[in-house]
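Residues per chain, in single letters:
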Amino acid sequence: MEKWLIEVKEALSEALEAISNGDIPQENLYQLASLFYSKRNHMNNSSLFEAMNHEIDEQVKSDWSFDPNSKLHYKFHFVSSYLICFVIAGKIDEFTYDQIMDFVNQKLDLFEE
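This section reports on the structure supplied with the text.

So, on to the side chain of Ser38. Following the sequence through the fold, Ser38 ends up in helix H2 (residues 33-40). Overall, the relative accessible area of 9% leaves Ser38 in the buried class.

Pairs can form between side chains of opposite charge once their charged atoms are near each other. The final tally for this structure, using the stated rule, is five salt bridges. Among the ionic pairs, Glu7 bridges to Arg40, the shortest N-O distance being 3.3 Å. Of this pair, Glu7 sits in helix H1 (residues 2-18) while Arg40 is found in helix H2, placing the two residues 33 residues apart along the sequence. Given the relative accessible area of 18%, Glu7 is considered buried.

If you want to describe how two helices pack, look at the angle between their axes and the distance between the axes. Here H1 crosses H2 at 120°, and the two axes come no closer than 11 Å. Considered as vectors, H1 and H2 are oriented oblique to each other. In the packing of H1 onto H2, the handedness of the crossing is right-handed. On H2, the residues touching Glu7, Glu10, Ala11, Glu14, Ala15 and Ala18 of H1 are Phe36, Lys39 and Arg40.

Calculation notes
- Sequence positions are assigned chain by chain, starting from 1 and proceeding in written order.
- Where totals are concerned, whole chains, interfaces and linings use all residues; where local detail is concerned, this predicted model gives features only for residues with pLDDT of at least 70, and gives and counts side-chain atom pairs only at 80 or more.
- Side-chain numbers here rest on the full set of heavy atoms in the structure, without hydrogens or water.
- Counting from the N terminus, the helices are the DSSP runs of H or I reaching at least four residues and the strands are the DSSP runs of E reaching at least two.
- A 1.4 Å probe rolled over the protein chains alone gives each residue an accessible area, and that area as a share of the maximum for its type sets the label: buried under 20%, exposed over 50%, partly exposed in between.
- For this document, the term salt bridge refers to a Lys or Arg side-chain nitrogen within 4 Å of an Asp or Glu carboxyl oxygen.
- Geometry is summarised by axes, namely lines fitted to C-alpha atoms with helices restricted to the contacting stretch, and by angles between N-to-C directions that run from 0 to 180 degrees.
- We call two directions roughly parallel when the angle between them is under 35 degrees, roughly antiparallel when it is over 145, roughly perpendicular when it lies between 65 and 115, and oblique otherwise.
- We call a crossing left-handed when the near helix sits turned anticlockwise from the far one by less than a right angle, and right-handed when that turn is clockwise.
- Working rule for contacts: check all heavy atoms of both residues, and any pair within 4.5 Å makes them a contact.

Structure follows, in structure tokens:
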């Protein structure tokens, strides 16, 4: 699990750096998840990239529809979206995804406002 924590921390750090100039609103950080997944995993598959974007968008917008204040949890949404890319790519299953998310949530403060 530590390897996943390192992976997530690095990706989140890179993503936060990418939006640090303010051009991209924090609440849209999740939209960078598939881009960072592709870059970090040297993926060059446009149909898989589109599938990731679609699933991520559906997941986040569903969360937002139930709780509009969840937009404030941009770090959580990025990490969740980043890890869902591994599921869509077939590198982990949903059970493993849940385990990783639980572990990461215990180790990182993804809900600071």
